[in-house]
Amino acid sequence: MAGKRTARRILAGGAALAAAGWALRDIPAQLGVRPLGSGPDRAARMRQSPQFRDGTFFNPMPEPTTLMTTPPVGLLGELAKNKEERRPAGPVPLRVPPSGPPPAGGLRAVWYGHASTLVEIEGKRVLFDPVWSRRVSPSQLVGPKRHHPAPVTIGELPQVDAIAISHDHYDHLDMATVRTLTGTQKAPFLVPLGIGAHLERWGVPAYRIIELDWEEEAEVAGLRFVATAARHFSGRAFTRNDTLWGSWVVAGTGRRVFYAGDSGYFEGYRGIGSAHGPFDLTLMPIGAYSPAWPDIHMNPEEAVNAHLELGGELLLPVHWATFTLALHPWGEPVERLWREAKARDVEIVVPRPGEAVDTTEAPAVDGWWETLG
């Protein structure tokens, strides 16, 4: 009997090691590549960018930006406290999005969770920062994991006309998702400078990659895409800022959408609104803020302020609910957003993951998250 138990333990240990090895095999690819070494044409474009200096991209805003190079003293201890507050108290309610064609002249959005959002604008579909993996990490063995599944499988996504990426952090650029979409979709990927190097390594054909600097634009499927500024940083490994980060303007004939990506608040939102707005819909990040990194993630009140400066009509909050990436309680971002929106007479919509929102008939906020906070 003892020999059988030993054999079972050996077999179980071997299976565990094999599973770990299988999970770790993709880490080198997950880290991406150094864009400056990925080809002379890309390197030349990067070096010509006004946002590129001394070998890396930087934030040119006049406001100072301080990036955290080491965790603040006491952060690990704080992470161990009150963990229950940083996740929902029960299952997050999901909805099944409509499967029919997008409204020909309208504007509709489906938030899948975190930042992943499908925008249907004037009969075309744009997918922002799609992430379908269980964890946002170079390894699916460790790292922040989902509080809720995606409301649809990646194979159930409709055919889209464009896939827009804001920057290369794991919770916005997911290798497994990109590889799947490369096979299941035909749409091009629109990305800030340098990120095309990661996509090429992951098997995306060069003809499906459109790399843009801030204020450069491209037309895809009759829509105008403009890469615009954000106050953030980039990096998938030990080097930082070797790819650009940004936000996106998507303009049709009569409808306009702004997606902020990840950003701290900065004074340039009014200029983006003047140049490219006003916007029927803004997708604004409201979560993962902290006094330890005030420059790179805005808080809910700052999101409302940026929305107003952009000339936004309806605000849909993103970057909350799906992953725990900061110390604040799970439901705090949307509670603060709701209070600020009411105080400043700003129209917001807070859909459940998978719930479709028509901007002309936006549902009233019903506080669905309150029993989970």
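What you are looking at is a predicted structure, and each value in this text was computed from that prediction instead of being measured.

Enquirer: Please clarify how helix α5 (residues 175–184) should be interpreted in this entry.
Expert: Residues spaced three or four apart along an α-helix point in a common direction, a consequence of the helix completing one turn every 3.6 residues. Within α5, the full set of buried residues consists of M175, T177, V178, L181 and T182. Down the axis of α5, the sector holding all buried residues measures 160°, keeping them to one side. Of the surrounding secondary structure, the elements contacted by the buried residues of α5 are α2 (27–30), β5 (124–128), β6 (162–164), β7 (189–192) and α6 (195–201).

Enquirer: Explanation requested: the confidence of the model for the protein chain in the structure shown.
Expert: Model confidence for the protein chain is summarised by a mean pLDDT of 91, while 89% of its residues fall at 70 or above. Confidence drops under a pLDDT of 50 for residues 10–22, and excluding neighbours within four residues, the segment shows 1 contact in the predicted structure.

Enquirer: I would appreciate a short explanation of the sheet that holds strand β13 (residues 279–285) in the present structure.
Expert: Strands pair in a sheet through their backbones, by hydrogen bonds, and they do so in one of two ways: parallel or antiparallel. Reading across from one edge, β9-β10-β11-β12-β13-β14-β15 is the order of the 7 strands in this open sheet, with mixed pairing throughout. Only two strands of the sheet have a single neighbouring strand rather than two, namely β9 (217–220) and β15 (347–348). Across 4 bridges, β9 lies against strand β10 (residues 223–228) in antiparallel orientation. What sits directly across from E217, in β10, is V226. Running over the sheet, helix α7 (residues 269–276) touches β10, β11 (247–251), β12 (256–259) and β13 and is turned about 160° from β10.

Enquirer: Hey, could you run me through the pairing of β9 in this one?
Expert: The side-chain alternation of β9 yields one buried face, formed by A218 and V220, and one unburied face, formed by E217 and E219. The antiparallel pairing of β9 with β10 creates a hairpin that spans 2 residues between the two strands, and A221 there sits at a positive phi of about 55°.

Enquirer: How should I be thinking about the side chain of T228 in this particular structure?
Expert: You can see T228 is positioned in strand β10. Among the residues examined, T228 registers a relative accessible area of 0% and is labelled buried. Here the side chain of T228 touches S247 through a polar contact of 2.6 Å, side chain to side chain. Contact partners of T228, with chain neighbours within four places excluded, come to W214, E215, G246, S247, W248, V249, F258, I272 and H276.

Enquirer: Quick question: what am I supposed to make of the side chain of E211 here?
Expert: Along the chain, E211 falls in strand β8 (residues 209–212). Among the polar contacts listed, one links the side chain of E211 to the side chain of R42, at a separation of 2.8 Å. Leaving out residues up to four positions away in the same chain, E211 has contacts with R42, R45, V191, P192, L193, G194, I195, G196 and E216.

Enquirer: Where do I start with helix α9 (residues 332–344) in this structure?
Expert: Counted at 1.5 Å a residue, the expected span for α9 with its 13 residues is 18 Å, and the 18 Å between its end C-alpha atoms agrees. Within α9 the residues assigned to the buried category are P333, V334, R336, L337, W338, E340 and A341. Contacts made by the buried residues of α9 are with α8 (300–310), β14 (312–318) and β15.

Reading the values: rules and limits
- Residues numbered from 1 in each chain as written.
- Predicted model: local features only at pLDDT ≥ 70, side-chain atom pairs only at ≥ 80, totals over all residues.
- Heavy atoms only, no water.
- Buried < 20%, exposed > 50% of the residue type's maximum accessible area, 1.4 Å probe, protein only.
- Helix = DSSP H or I, 4+ residues; strand = E, 2+ residues; numbered from the N terminus.
- Arc of directions from axis to C-beta.
- Contact = heavy atoms within 4.5 Å.
- pLDDT = per-residue confidence, 0-100.
- Pairing = 2+ DSSP bridges.
- Axes fitted to C-alpha atoms, helices over the stretch in contact; angles between N-to-C directions.
- Polar contact = N/O pair within 3.5 Å; in protein donor to acceptor, adjacent residues only side chain to side chain.
- Expected span 1.5 Å × (residues − 1).

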